[in-house]
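Chain by chain, the residues run as shown.
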Amino acid sequence: MTTTNQGNPDYRDSGLVFPPGFTFGSATASYQVEGAFDEDGRSPSIWDTFSKTPGKVWNGDTGDVACDHYHRLDSDLDLMKDLGLGAYRFSIAWPRIQPTASGEVNQAGIDFYARLVDGLLERGIRPVATLYHWDLPQYLEDAGGWAARATTDAFERYAKIMGAALGDRVHTWTTLNEPWCSAYLGYGQGGHAPGRSEPASALAAVHHLNLAHGRAVQALRATSSGDPEYSITLNFHVLRGVGDAAPEAMRRIDALANRAFTHPLLKGEYPADLLEDTASVTDWSFVHEGDLAAINQPIDVLGVNYYSTATVRLWDGVSPKQMNDGHKGTAGGTAWPGSDLAVEFVEQAGPYTAMGWNIAPEGLEELLVSLSAEFPDQPLMITENGAAFDDVVAADGSVPDPKRLDYLRRHFTAAHRAIERGVDLRGYFVWSLLDNFEWGYGYAKRFGIVRVDFDTLERTVKDSGLWYADLARTGVLPE
Ligand code: IFM
């Protein structure tokens with residue numbers, strides 16, 4: 001690795017050389033891009049239900065059509081090849097695979113993902129498949145969702161099916177994407193599907209998601225006939241604190257948001273302070289004997305999603321603010337209505353992306369270095385990083401997006417600095433390949449390095465996509 005101008009305080013380096021074999025990929029998720037919501041046997045997920053509930057998603061947008069990726073698979077695969085991607089991270093829609101409560105397998109669903117995986121391999125792109133990126137079959141939510149232990153049994157059965165179907169060809173299995181969001185936004189804060197605001201259910205969901213991961217890794221290992229790698233993707237809170245009690249505020253959120261996942265997954269235990277902090281909400285009796293050993297499976301890579309930092313302050317009892325994932329300058333938070341755990345997420349200094357998230361590449365370097373210090377034998381992979389901005393199409397049809405390009409340059413610089421500091425970072429997936437359905441924000445927020453015109457569904461590679469193609473081909477951070 002060599003650097004030309006390392007040390008630029010703005011993290012705006014160029015000429016940095018990434019290590020040989022470093023993976024340059026891009027990512028999407030099923031509900032955000034596929035569309036074809038009721039085709040070939042797919043049944044509704046919690047996001048179909050949620051997005052069709054008035055007032056839940058901006059503009060009433062849904063994933064019914066999304067990017068129509070389901071019908072445009074071949075041309076999207078060609079696009080990935082043109083961009084020089086080394087790997088593509090996608091997710092599998094569980095309701096396509098097991099559309100009914102009987103659990104019967106829908107072959108048409110398997111066939112779609114087999115075509116996707118084969119199409120990637122034909123083009124020399126490694127398939128990185130996530131089993132769960134938030135589209136829980138609605139029938140499972142009706143039976144209790146992630147607050148119910150039975151959902152982990154169902155997930156294990158689903159993992160077995162996918163291991164047997166694609167485990168000869170998938171390069172990396174990822175069990176879950178961002179279980180923090182599934183548990184806390186879905187069952188605590190309520191801004192994501194299924195939209196429940198039940199603190200005790202959110203903590204039960206944390207445990208059941210952790211358990212589902214451990215069981216799925218074992219199920220995938222037992223059924224995959226190839227030699228895939230195993231992983232999970234977490235979204236970390238890189239914390240700053242304000243006020244006299246800043247260390248305490250940071251400790252509480254670190255326990256809830258970070259260590260509630262890393263410690264059971266990688267150490268086989270829940271942090272004692274997490275159990276103490278949440279004692280008024282739950283007694284954690286949903287943790288059964290043997291669960292922690294089941295959760296603590298060796299994984300080949302830990303997926304790291306990073307967008308921005310979060311600044312917290314202990315609630316002073318005067319101005320309780322419900323934490324949410326759209327508050328200006330925050331990276332999201334955790335709602336604990338009615339509990340004494342309240343920590344406010346306070347506004348941070350800009351600049352901001354169109355999500356209102358602060359741009360802080362140094363937080364990525366800090367996160368990678370701290371994870372590597374705490375888990376020295378655990379290789380890391382950035383499974384999501386990217387930015388939403390309000391793009392403007394130029395008169396010639398091109399999409400100049402200098403702010404996204406600058407954001408990416410600064411975060412790739414941060415990743416490179418972490419590597420130089422000894423972090424075993426294996427690759428980087430830009431979020432996202434395509435503009436897509438951004439959950440509660442519908443189609444209002446564009447994260448793609450490829451623009452999607454949501455009227456015509458036409459794709460246009462943005463300037464950031466052209467820049468990324470250069471990086472992916474050469475392994476050198478371009479000018
Ligand atoms: O679009 C999401 C993705 O589904 C999960 N991680 C964060 C992205 C941007 O909000």
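Just so you know, these numbers come straight off a predicted model, no measurement behind them. (Residues numbered from 1 in each chain as written. Predicted model: local features only at pLDDT ≥ 70, side-chain atom pairs only at ≥ 80, totals over all residues. Heavy atoms only, no water.)

Some points on the site of the ligand
Turning to step 1, where the next piece is worked out: All residues adjacent to the ligand are Gln32, His133, Trp134, Asn177, Glu178, Tyr307, Trp357, Glu384, Trp431, Glu438, Trp439 and Phe447.
Turning to step 2, where the next piece is worked out: Taking Gln32, its side chain carries an N or O atom lying 2.7 Å from an oxygen atom of the ligand.
Turning to step 3, where the next piece is worked out: One of the side-chain N or O atoms of Glu178 is found 2.9 Å from a nitrogen atom in the ligand.
Turning to step 4, where the next piece is worked out: Coverage of the ligand by the protein amounts to 95% of the 280 Å² it exposes when considered alone. (Near = heavy atom within 4 Å. Polar contact = N/O pair within 3.5 Å; in protein donor to acceptor, adjacent residues only side chain to side chain. Areas by Shrake-Rupley, 256 points an atom, 1.4 Å probe, with all protein chains shown as cover.)

So, the side chain of Ser231
Turning to step 1, where the next piece is worked out: Tracing the sequence through the fold places Ser231 in strand β5 (residues 229-235).
Turning to step 2, where the next piece is worked out: According to the relative accessible area criterion, Ser231 is buried, its value standing at 3%.
Turning to step 3, where the next piece is worked out: Apart from residues lying up to four places away in sequence, Ser231 is in contact with Thr172, Trp173, Thr174, Thr175, His213, Ile299 and Val301. (Helix = DSSP H or I, 4+ residues; strand = E, 2+ residues; numbered from the N terminus. Buried < 20%, exposed > 50% of the residue type's maximum accessible area, 1.4 Å probe, protein only. Contact = heavy atoms within 4.5 Å.)

Thoughts on the side chain of Ser464
Turning to step 1, where the next piece is worked out: In this fold, Ser464 is placed in helix α15 (residues 463-474).
Turning to step 2, where the next piece is worked out: Look past the residues within four positions of Ser464 in its chain and what remains in contact with it is Asp401, Arg404, Leu405, Leu408 and Ile449.

Points about empty space enclosed by the protein
Turning to step 1, where the next piece is worked out: On inspection of all chains with the given rule, the structure shows 5 cavities of 30 Å³ or more.
Turning to step 2, where the next piece is worked out: Put simply, the second largest cavity is a space of about 60 Å³.
Turning to step 3, where the next piece is worked out: Along its surface, the second largest cavity is lined by Ile46, Trp47, Tyr132, Trp134, Trp146, Cys181, Ser182, Tyr187, His192, Ala193 and Pro194.
Turning to step 4, where the next piece is worked out: Those elements that place two or more of their residues in the lining of the second largest cavity are α2 (46-51) and α8 (179-189). (1 Å grid on protein atoms, 1.4 Å probe; cavity = no way out; pocket = protein on both sides within 12 Å on 5 of 7 lines; lining within 4 Å. Points joined across faces, edges and corners; volume = space filled by probe spheres on them.)

Describing the pairing of strand β1 (residues 23-27)
Turning to step 1, where the next piece is worked out: Of all 5 residues that make up β1, 5 are buried, and the element is covered over most of its length.
Turning to step 2, where the next piece is worked out: The two faces of β1 match: Thr23, Gly25 and Ala27 on one face and Phe24 and Ser26 on the other face are all buried.
Turning to step 3, where the next piece is worked out: Sheet topology note: the β1/strand β11 (residues 425-431) ladder contains 5 bridges and is parallel. Considered in β11, the bridge of Gly25 is made with Phe429. (Pairing = 2+ DSSP bridges.)

A closer look at the sheet that holds strand β8 (residues 309-314)
Turning to step 1, where the next piece is worked out: Spatially, the 3 strands line up as an open sheet ordered β6-β8-β9, and their pairing is mixed. Of all the strands in the sheet, just β6 (238-241) and β9 (343-346) have a single pairing partner and so form its edges. Ignoring strand direction, the axes of neighbouring strands in this sheet form an average angle of 40°.
Turning to step 2, where the next piece is worked out: Bridge count for β8 against β9 is 4 bridges, and the pairing is antiparallel. In the strand pairing of β9, Val312 is matched with Phe345.
Turning to step 3, where the next piece is worked out: Contacts from helix α10 (residues 246-267) reach β6, β8 and β9, with the element oriented near 120° to β8.
Turning to step 4, where the next piece is worked out: Sheet contacts for helix α13 (residues 361-374): β6 and β8; angle to β6, the most-contacted strand, approximately 115°. (Axes fitted to C-alpha atoms, helices over the stretch in contact; angles between N-to-C directions.)

Quick notes on the layout of surface pockets
Turning to step 1, where the next piece is worked out: Of the volumes computed, that of the largest pocket is approximately 280 Å³.
Turning to step 2, where the next piece is worked out: The wall of the largest pocket is formed by 15 residues, among which His237, Asp254, Asn258, Leu367 and Ser370 lie closest to the centre.
Turning to step 3, where the next piece is worked out: The set of elements that each furnish at least two residues to the lining of the largest pocket consists of β6, α10 and α13.

Focus on helix α3 (residues 73-82)
Turning to step 1, where the next piece is worked out: By the burial criterion, the buried members of α3 are Leu73, Asp76, Leu77, Leu79 and Met80. For α3, the arc enclosing every buried residue in end-on projection is 155°, short of the 170-degree limit, so these residues lie on one face.
Turning to step 2, where the next piece is worked out: Tucked into the core, α3 has its buried residues touching β2 (87-91), α5 (107-122), β12 (450-452) and β13 (459-461).
Turning to step 3, where the next piece is worked out: With its phi angle positive at about 75°, Gly84 sits one or two positions after the end of α3. (Arc of directions from axis to C-beta.)

Observations concerning the sheet that holds strand β3 (residues 126-132)
Turning to step 1, where the next piece is worked out: Read around the closed barrel, 8 strands run β1-β2-β3-β4-β5-β7-β10-β11, paired in parallel fashion. This sheet shows a mean twist of 25° between the axes of neighbouring strands, independent of strand direction.
Turning to step 2, where the next piece is worked out: Here 4 bridges tie strand β4 (residues 172-177) to β5, and the two strands are oriented parallel to one another. For Asn177, the partnering residue across the bridge sits in β5 and is Thr233.
Turning to step 3, where the next piece is worked out: Along the sheet face, α5 touches β2 and β3 and points at about 170° away from the line of β2.

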